[in-house]
Amino acid sequence: MSTVVETETLAPQAKRRGRWIEDWEPENAEFWERTGKRVARRNLVFSILAENLGFTVWSLMSIVVVSLGSVGFSFSVGQTFWLLIVPNLVGAVLRIPYTFAVPKFGGRAWTTVSASLLLIPTTMLIIAVTNPGTPYWFFLLTSAAMGFGGGNFSSSMANISFFYPEGKKGLALGLNAAGGNLGVAMVQLVVPIVISIGAGVNLAYAALFWMPFIVLATACAWFLMDSLTQAKPDGTSYRRAMSNKHTWVMSFLYIGTFGSFIGFSFAFPSLIKISFVEHKGFVALAFLGALIGSVSRPFGGWLSDRFGGAKVTLAVFLGMAVGVVGVLTSVSTKNFPLFFGSFIALFVLAGIGNGSTYRMIPAIFATQVEDTASAKRQAAAVVGIAGAIGAFGGVLVNLVFKFSLEGSKTLAPALTAFLVFYALCVATTWWFYLRSRVFARVPSLAYAGV
């Protein structure tokens with residue numbers, strides 16, 4: 001934390017002590033236009049930078065693992081998928097404490113710490129791939145350390161939410177989330193290029209390339225971001241949210257959307273290499289899935305505003321079921337264009353679903369809680385809870401792929417399981433949010449964007 005050096009007036013009723021800001025009033029229009037907007041935008045920019053690198057490091061093993069054989073590391077299918085599962089798991093677990101780190105330590109300090117932690121897994125990866133005798137357990141430990149990047153999403157979203165007024169939070173948080181998600185596409189696009197620089201495959205470059213950017217993001221966070229004294233933990237809202245059934249219903253649906261997005265993002269390069277060896281050159285195009293899925297997320301929010309979040313989410317899961325059928329067909333007929341195209345469709349739909357499910361949460365709690373301020377706080381708590389649980393979906397996706405490929409040497413059992421799961425998501429969405437008797441009991445749901 002920086003020491004308190006002096007007090008300066010930022011705007012009416014707002015003061016700065018070092019990099020700590022007191023009396024932050026984003027709902028005050030005069031304050032927002034004079035000072036708040038500029039400060040909030042600056043913090044958003046550097047938050048996106050740090051979160052983007054967090055997703056980059058979190059998913060780094062997804063593209064590195066397909067080239068390990070080229071540098072002398074021969075791992076089984078099961079071992080390969082554990083290298084994908086472990087960072088998913090650690091990242092999902094860390095999202096819970098990371099959510100509360102910002103109120104505890106301040107947004108500036110925690111963004112600095114969380115960004116600097118990314119240097120640990122990148123350094124470990126360099127050590128692992130440059131030593132021919134590196135044991136498997138060290139690769140597994142390196143993958144676990146990459147999970148640091150997965151926790152960044154929750155702390156980044158929590159931090160930025162304090163800076164913006166209610167009417168502008170949607171766009172700010174959407175940009176923050178999409179900017180982070182794009183890190184998956186970036187790493188899968190850039191790594192195949194940089195590791196081919198020079199003679200042979202230089203896997204150390206996969207980590208070295210990102211380290212200057214991590215140092216830059218850490219420095220920017222420390223010298224250019226701020227902390228708000230008003231950013232306090234809200235345990236009451238979390239307790240109330242956890243006792244509401246809709247918290248768990250929406251978390252289940254978010255497993256289906258974000259869990260699919262992050263799970264497929266981690267697995268897609270390996271699935272291309274394993275299922276279509278003759279087309280393994282297309283691993284370099286695996287980034288398109290994560291890219292399109294990230295870009296389509298805001299579109300899901302826009303569609304939800306226009307047609308209702310529950311209707312969009314229902315359509316998403318129906319579409320994802322069709323996409324799984326397409327992948328099943330492609331695997332049985334060895335049709336790579338159908339395989340690739342079906343997965344791209346799954347990424348698009350998962351991205352739209354990420355946006356629509358997040359849009360449903362505030363609408364649902366607006367009808368469940370009479371006090372508007374309390375409803376907003378509980379909805380914010382649910383976003384944090386669902387984000388953590390949804391990330392566990394990526395673990396489940398890769399576990400299913402692992403068991404399917406190990407047990408039957410084919411993707412068919414895994415894809416069948418996904419088909420059943422998406423059918424459950426369709427039924428859940430309809431049962432809780434689209435049945436006519438729900439509208440009869442809570443008429444406002446029909447008009448709240450749900």
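Note that the coordinates shown come from a computational prediction; the quantities given were computed from them, not determined experimentally.

Draft legend 1. Looking closely at the pattern of salt bridges. Counted by the stated rule, this structure contains six salt bridges. Between Arg34 and Glu30 there is a salt bridge; the shortest N-O distance is 3.0 Å. With Arg34 and Glu30 both in helix α1 (residues 29-58), this residue pair falls four residues apart, about one helical turn. Its salt-bridge partner being Glu33, residue Lys37 comes within 3.0 Å of it at the nearest N-O pair. Of the two residues, Lys37 and Glu33 both sit in helix α1, four residues apart, roughly one turn of that helix. Because the salt bridges share partners, they merge into one network encompassing Arg19, Arg42 and Asp226.

Draft legend 2. Quick look at helix α8 (residues 166-194). For α8, with 29 residues, the first-to-last C-alpha span of 42 Å sits near the 42 Å given by 1.5 Å per residue. Of all the bends in α8, the largest measures some 25° and sits at Ala185.

Draft legend 3. A look at the environment of Asn202. Relative to the elements of secondary structure, Asn202 occurs in the loop between α8 and α9 (205-208). Exposure remark for Asn202: the relative accessible area of 22% places this residue in the partly exposed category. Distance in space between the C-alpha atoms of Asn202 and Pro192 is 9.9 Å, their sequence separation being ten residues. For Asn202, the residues in contact, after removing those within four places along its chain, are Ile195 and Ile197.

Draft legend 4. Fine view of a nonpolar patch on the surface. On the surface, a nonpolar cluster with roughly 270 Å² of combined accessible area is contributed by Ile197, Tyr205 and Leu208. Tracing the backbone through its elements, the reader meets Ile197 in the loop between α8 and α9.

Draft legend 5. Spotlight on the side chain of Ser260. With respect to the helices, strands and loops of the structure, Ser260 is situated in helix α12 (residues 245-275). Residues in contact with Ser260, not counting those within four places in the same chain, are Ile255, Ser265, Met320, Ala350, Val397 and Tyr422.

Draft legend 6. Expanded view of the packing of aromatic side chains. Here the structure, examined in full by the defined rule, presents 43 aromatic pairs. Between Phe55 and Trp58 the ring centres are 5.5 Å apart and the planes differ by 70°, which places this aromatic pair in the edge-to-face class. Residue Phe55 and its partner Trp58 are located together in helix α1, separated by three residues, close to a single helical turn. Here the two residues Phe55 and Trp58 agree in accessibility, since each one is buried. Taking the ring centre of Tyr358 as reference, the NZ or CZ of Arg297 above it sits at 4.9 Å. Directly above the aromatic system of Trp431 lies the positively charged group of Arg435, at a separation of 3.7 Å from the ring centroid.

Draft legend 7. How the structure looks around helix α7 (residues 148-163). Counted at 1.5 Å a residue, the expected span for α7 with its 16 residues is 22 Å, and the 24 Å between its end C-alpha atoms agrees. For α7, the tally of buried residues reaches 14 of 16 residues, placing the bulk of the element in the interior.

Rules used throughout
Residues numbered from 1 in each chain as written. Predicted model: local features only at pLDDT ≥ 70, side-chain atom pairs only at ≥ 80, totals over all residues. Heavy atoms only, no water. Salt bridge = Lys/Arg side-chain N within 4 Å of Asp/Glu carboxyl O. Helix = DSSP H or I, 4+ residues; strand = E, 2+ residues; numbered from the N terminus. Expected span 1.5 Å × (residues − 1). Bend = angle between axes of the 7 residues up to and from the residue. Buried < 20%, exposed > 50% of the residue type's maximum accessible area, 1.4 Å probe, protein only. Contact = heavy atoms within 4.5 Å. Patch = residues over 30% accessible without salt bridge, like charges linked within 9 Å, V, L, I, M, F, W, Y side chains within 5 Å. Areas by Shrake-Rupley, 256 points an atom, 1.4 Å probe, with all protein chains shown as cover. Phe/Tyr/Trp six-rings, centres within 6.5 Å; stacked < 30°, edge-to-face > 60°. Lys NZ or Arg CZ within 6 Å of the ring centre and 35° of its normal.

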